[in-house]
Amino acid sequence: QVQLVESGGGLVQPGGSLRLSCAASGRIFSIYDMGWYRQAPGKQREMVAVIAVGGSTNVADSVKGRFTISRDNAKKTMYLQMNSLKPEDTAVYYCYARIKVALGITSSDYWGQGTQVTVSS
């Protein structure tokens, strides 16, 4: 069984910073793309940033220059450094990973349970 567990969310004032972590555990053969998505109340889930196994990234225009995605393949962990946070960044942030659990088995998409980020004074 594969698990993705997010941590690091919380309440922060506008202009502040938070660092989210996503740790993968369980039966894992390979981890391919990983990413962060977010969903604000009444809105659709949107991509924040994704990172390939080789390190190439794609970051949403709304957070470009403020958020940085990274990963440690040895630790099976991904991070999202969020700086200069704005009230509109308030959302539940979800971790995503495409994982192959064994050789010869097609990779599948997995999601974490989400972590709340609230930006408010």
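This section reports on the structure supplied with the text.

Calculation rules
Residues numbered from 1 in each chain as written. Predicted model: local features only at pLDDT ≥ 70, side-chain atom pairs only at ≥ 80, totals over all residues. Heavy atoms only, no water. Helix = DSSP H or I, 4+ residues; strand = E, 2+ residues; numbered from the N terminus. Buried < 20%, exposed > 50% of the residue type's maximum accessible area, 1.4 Å probe, protein only. Contact = heavy atoms within 4.5 Å. Polar contact = N/O pair within 3.5 Å; in protein donor to acceptor, adjacent residues only side chain to side chain. Core = buried A, V, L, I, M, F, W, Y, C linked by side-chain atoms within 4.5 Å. Salt bridge = Lys/Arg side-chain N within 4 Å of Asp/Glu carboxyl O. Disulfide = S-S within 2.5 Å.

### Concerning unusual backbone geometry
The backbone phi angle of Lys76 is positive, close to 55°, even though this residue is not glycine. Of note in this structure, Ser84 is not a glycine but carries a positive phi near 50°. Positionally, Ser84 belongs in the loop between strand E8 (77–82) and strand E9 (91–100). For Ser84, a relative accessible area of 41% translates into the label partly exposed.

### Notes on the side chain of Ser21
Tracing the chain through its elements places Ser21 in strand E3 (residues 18–25). Excluding anything up to four places from it in sequence, Ser21 contacts Val5, Glu6, Ser7, Trp36, Met78 and Tyr79.

### Section: the side chain of Asp89
With respect to the element layout, Asp89 can be found in the loop between E8 and E9. Within the structure, Asp89 has its side chain in polar contact with the side chain of Arg66 (distance 2.8 Å). Apart from the residues within four sequence positions on either side, Asp89 is in contact with Arg38, Val63, Arg66, Phe67, Ser84, Val117 and Val119.

### Remarks on the nonpolar core
Membership of the largest hydrophobic core comes to 33 residues, with the highest contact counts inside it found for Trp36, Leu80, Met82 and Tyr93. Secondary structure elements with two or more residues in this core: E3, strand E4 (30–39), strand E5 (46–51), strand E7 (67–72), E8, E9 and strand E11 (115–119). Per element, the largest residue contribution to this core is five residues, and it comes from E9. Once you skip the residues sitting within four places of it in the chain, Leu80 turns out to touch Leu18, Arg19, Leu20, Trp36, Val48, Ala49, Phe67, Thr68, Ile69 and Tyr93.

### Observations concerning the pattern of salt bridges
Enumeration over the complete set of coordinates arrives at five salt bridges. Notably, a salt bridge pairs Asp109 with Arg98, separated by 2.7 Å at the nearest N-O pair. Of this pair, Asp109 sits in strand E10 (residues 108–111) while Arg98 sits in strand E9, placing them eleven residues apart in sequence. Taken together, the salt bridges that share partners define one network made up of Arg38, Glu46, Arg66 and Asp89.

### A few points about the state of the cysteines
Under the counting rule described, the total for this entry stands at one disulfide. Put simply, Cys22 and Cys95 are joined by a disulfide, and their sulfur atoms are 1.8 Å apart. One quick way to see it: the torsion about the S-S bond of Cys22 and Cys95 is about -55°, and its sign makes the bridge left-handed. Taken together, the positions of Cys22 in strand E3 and Cys95 in strand E9 put the pair 73 residues apart, joining distant regions of the chain. What makes Cys22 buried here is its relative accessible area of 0%.

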